[in-house]
Structures are given as structure tokens and as C-alpha cells.
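# Chains, contacts and geometry: an overview
The residues making up each chain are set out below.
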Amino acid sequence: MISLTSPVETRAHRWPAGLKLGGLCLVSTALFLVGDIAIHAAALGAVLALYAAPGPVFLRAGLRSLRVVLPFVAVLLGWHAIAGDMRMGLLVTLRMVTLVALANLVTMTTGLEDLVDLIRRLTAPLRRLGLPTQLLEIAIPLVIRFTPVLVARAETLAEAWRARSRRPGWRLILPLTLQALDDADHVGEALRARGGPLGPHGQE
């Protein structure tokens, strides 16, 4: 497994995880309250400037991570073009790309240990009520670690289809889903073997 954390050290790596996630929540709320395309375009430009600030290596790594949103951009723009409302399509697309880019920026500059520690602190009241918060504490890091793995596998499958002179399209859904389920099964078995949250002592 690999992590989305950037190998390039930036100032943001030293900022508290809570501060970064709080800022992400505030910016997300503000963008949903704004309906001006120019403001959304400026916000996206500002986010791209944040990616470029640490240097070309960080910028390339960030943009590579954002390729996963391109199919959604195409679908959204295509749908709104058919519906005859391209303004709304541009607004929704700019908002989505900006927020995903910001979330990815937070992930790239925050270690998994910091995220888990933040989740543990935020869910402390739930633990006092007897809820199994350890499931959430391990689920979020697993999602973060497996996301680039699934993206890489999707690209590999797409290349294999293109090598046969065929466009993959929807045909990738089934094999990619089966691989994801197989990986989830193996991870579950590993956690049980180590007595983790899914272990054999009734922590389920």
C-alpha cells in the first residue's frame, strides 16, 4: 500500500491537522454559499498556486493525484450541456475540482498518524457513550491508503484494454470492483489475525 502524503516537505506539513481540516470545512461552506463563477475560478487558481508554491515536484504529484476527477468533470459538463445549462455545469465543476484539490492538499501535507490522532480526539465523546470508535479510526486511514492503489489499478486495466484496441469504458467497473473486494477481504483477515478492531475477541 502507498500513502497520498507528499514526499516533499512543506511548511503545511508542520501545521496541526485540526487547523487544516477546519480551514477545509470553512472554505467548503463558503464555496457552497457563493454562486459566482468568477469567484470559483479565482478559488481554483488560488489552490493551484498553493500546489505550485512548494516547487515542481510537489505540483506534479498533486496534479497526478487529481486525474481521478477528470471523468466526473466530463460527465458533469456533458450532462449540463445536454440539459442546456452550461453555467450551472461550470459552477458545479469548478466547485467540485476546487474542493477535491483542497482535500487532496490537506491529505498530501498531513501524516496518517496525525489524522488518526485527530479522529481519536474528535470521537472521544462517542467512546464515553460506549460506541466502537476504533472502527472509524482505522477505516479512514485505510481509505486514504487504498485510494491511490485503486486509481493505479484502474489505469493498468484501462491500458490493458487499450492494448487490445478497445476502449474500456464501463467494462472496467466489474473487474475493478472484484479486485477492491478481494483487497478488502485480505485486509480484514490481516486485521483479525493481529487482533485489531475486527479481531477474534468480539470487538466487531
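Refer to the structure above for everything that follows.
In what follows, the accompanying structure is described. In this text the structure is predicted, and so the values were computed from the model without any measurement. Within every chain, residues take consecutive numbers counted from 1 along the sequence as written. Local features in this predicted model are restricted to residues of pLDDT 70 or higher, and side-chain atom pairs are both shown and tallied only at a pLDDT of 80 or more, whereas totals for entire chains, interfaces and linings draw on every residue. Computation of side-chain values covers all heavy atoms of the structure but excludes hydrogens and water.

## Re the overall build of the chain
Note the following rule: Under the scheme used here, helices are H or I runs from DSSP no shorter than 4 residues and strands are E runs no shorter than 2 residues, and both carry numbers assigned from the N terminus. Categorising residues by exposure relies on relative accessible area from a 1.4 Å probe, with only protein chains included: less than 20% of the type maximum marks a residue as buried, more than 50% marks it as exposed, and the intermediate range marks it as partly exposed. In what follows, residue pairs with any heavy atoms lying within 4.5 Å of each other are defined as contacts. Using a 1.4 Å probe, accessible areas were evaluated by the Shrake-Rupley method; residue-level cover was limited to the displayed protein chains.
When its secondary structure is counted, the chain shows nine helices and zero strands. Moving toward the C terminus, one meets the helices and strands of the chain in the order α-α-α-α-α-α-α-α-α. Expressed as a percentage of the 204 residues in the chain, the buried residues total 32%. Of all intrachain contacts in the chain linking residues separated by at least 6 positions in sequence, the fraction that spans at least 24 positions is 64%. Roughly 12700 Å² of accessible area belongs to the chain as shown, and the carbon and sulfur atoms make up 68% of that amount.

## Topic: the nonpolar core
Which entries qualify depends on this criterion: By nonpolar core we mean a set of buried residues, namely Ala, Val, Leu, Ile, Met, Phe, Trp, Tyr and Cys, connected to one another through side-chain atoms within 4.5 Å.
With eleven residues, the main nonpolar core is built from L24, V47, Y51, F58, A61, L66, A101, L102, L105, V106 and M108. For this core, the secondary structure elements donating two or more residues are α2 (37-52), α3 (56-65) and α5 (86-108). Among residues more than four places away in sequence, those in contact with L24 are L99, L102, A103 and V106.

## Digging into the environment of L44
Assignment of secondary structure puts L44 in helix α2. L44 gets classed as buried once you look at its relative accessible area, which sits at 17%. Along the chain, L44 and R95 lie 51 residues apart, while their C-alpha atoms are 8.1 Å from each other. Discounting residues that sit within four places of it in the chain, L44 has contacts with L94, V97 and T98.

## Notes on a nonpolar patch on the surface
Note the threshold: Excluding any residue in a salt bridge, patches collect residues exceeding 30% relative accessible area, merging like charges within 9 Å and nonpolar Val, Leu, Ile, Met, Phe, Trp and Tyr side chains within 5 Å. We define a salt bridge as a side-chain nitrogen of Lys or Arg found within 4 Å of a carboxyl oxygen belonging to Asp or Glu.
A surface patch of nonpolar side chains, about 300 Å² in accessible area, is lined by L126, L129 and L131. With respect to the secondary-structure elements, L131 resides in the loop between α7 (124-128) and α8 (134-163).

## Observations regarding the packing of α2 against α3
Where we set the bar: All axes here are fitted lines through C-alpha atoms, helices being fitted over the stretch that makes contact, and every angle between N-to-C directions spans 0 to 180 degrees. When an angle is under 35 degrees it counts as roughly parallel; over 145 it counts as roughly antiparallel; between 65 and 115 it counts as roughly perpendicular; any other value is oblique. Polarity classes work like this: nonpolar for Ala, Val, Leu, Ile, Met, Phe, Trp, Tyr, Cys and Pro, charged for Asp, Glu, Lys and Arg, and polar for all others, with Gly in that last group.
At a minimum axis distance of 7 Å, the contact between α2 and α3 shows a crossing angle of 130°. Considered as vectors, α2 and α3 are oriented oblique to each other. The residues of α3 that touch α2, namely those facing L48, Y51 and A52, are F58, L59, G62 and L63. The class makeup of the residues in the contact of α2 with α3 is six nonpolar, one polar and no charged.

## Concerning the pattern of salt bridges
This model, assessed by the stated rule, comprises one salt bridge. For the salt bridge of R121 with D117, the shortest nitrogen-to-oxygen distance reads 2.5 Å. One end of the pair, R121, and the other, D117, are both in helix α6 (residues 112-122), four residues apart, so they sit about a helical turn from each other. Relative accessible area serves as the criterion here: at 34%, D117 is assigned to the partly exposed category.

## Observations concerning the side chain of T93
We count it as follows: Polar contacts, as used here, are pairs of N or O atoms within 3.5 Å; protein pairs need one atom able to donate a hydrogen and one able to accept it. Residues neighboring in sequence count only if both atoms are side-chain atoms.
One can find T93 in helix α5. For T93, a relative accessible area of 8% translates into the label buried. Reaching out from T93, the side chain makes a polar contact with the backbone oxygen of G89 at a distance of 2.7 Å.

## Describing helix α1 (residues 17-33)
As a reminder, the rule being used: A helix is expected to span 1.5 Å multiplied by its residue count minus one. When we speak of the arc, we mean the arc of directions from the helix axis to the C-beta atoms.
The end-to-end C-alpha separation of α1 is 25 Å, in line with the 24 Å expected for 17 residues at 1.5 Å each. Residues of α1 that are buried include every one of A17, K20, L24, S28 and L31, and no others. When α1 is viewed along its axis, its buried side chains cluster within an angular range of 75° and face the same direction. Summarising the geometry of α1, the exposed residues directed more than 90 degrees from the buried face are L19, L26 and L33.

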